[in-house]
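Fold and contact review
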Amino acid sequence: MQHWLFKSEPESFGIEHLKKAKTTVWDGVRNYQARNFLRTATVGDLAFFYHSKVQPPGIAGLCEVIAVNVTDPTQFDPTSHYFDSKSSPDNPRWQTVKVRYVETFANYISLDTLRDTFSDDDLMILKAGSRLSVTPVSNKVANRILKMARA
DNA sequence: GCCAACGTTGGC
DNA sequence: GCCAACGTTGGC
């Protein structure tokens, strides 16, 4: 089992949306490095749900991977913002995972708090200019985050 | 809304 | 395979 950090803009899809929907296909990832991380995810992995483009940005909750190697359906939908004309059903470019809602944290963990607690070696998103929407989180760091979130 | 840091595209 | 131009991300 391994931990991840998934970014999303709550204006389009936040932890509250996931809570209501219960499960979702994590669609719209169109970055190869992020996709390659998603390809290595396994069922039972836990992902921190990070809210970006809000004030303050930070980790809002937790979800669990319940299916892997899911073909992102939006790549074939011409009406979707995530449509990819160069991808074909024979040879899909974009795989992702399906997740289920686990919890909304009692303590929202802001980016400032993450910076105070961890180094940029601990957490990839703390690296200057990091834009990856899917990043791995070590078990050690994940356990500390969980403690802070539930304290 | 700005803009730095990235990633991608496509002409050559 | 280089790299300029362009697009996007996301904190501020």
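This one's a predicted model, so the numbers in the text were calculated from it and none came from an experiment.

Definitions and cut-offs
Residues numbered from 1 in each chain as written. Chains lettered and ligands numbered in written order. Predicted model: local features only at pLDDT ≥ 70, side-chain atom pairs only at ≥ 80, totals over all residues. Heavy atoms only, no water. Near = heavy atom within 4 Å. Polar contact = N/O pair within 3.5 Å; in protein donor to acceptor, adjacent residues only side chain to side chain. Buried < 20%, exposed > 50% of the residue type's maximum accessible area, 1.4 Å probe, protein only. Helix = DSSP H or I, 4+ residues; strand = E, 2+ residues; numbered from the N terminus. Pairing = 2+ DSSP bridges.

The next thing to look at is the protein's contact with DNA strand C. Close contacts around DNA strand C come from K7, Y50, S52, K53, P57, L111, R115 and R131, and that covers them all. Here, DNA strand C places atoms within 4 Å of the protein, and 64% of those atoms are sugar or phosphate. Y50 has a polar side-chain atom sitting 2.8 Å from a phosphate oxygen of DNA strand C. Here a base nitrogen of DNA strand C and a side-chain polar atom of K53 are 2.5 Å apart.

Consecutive side chains along a regular strand alternate between the two faces of the sheet. Within strand β1 (residues 3–8), 6 of the 6 residues are buried, leaving the element largely enclosed by the surrounding structure. Of the two faces of β1, the one carrying H3, L5 and K7 and the one carrying W4, F6 and S8 are both buried. Where β1 lies against strand β3 (residues 46–51), 6 bridges are found, and the strand directions are parallel. Bridge pairing in β3 places W4 opposite A47. Alignment of β1 against strand β6 (residues 134–137), held across 4 bridges, turns out to be antiparallel. If you follow H3 over to β6, its bridge partner there is V137.

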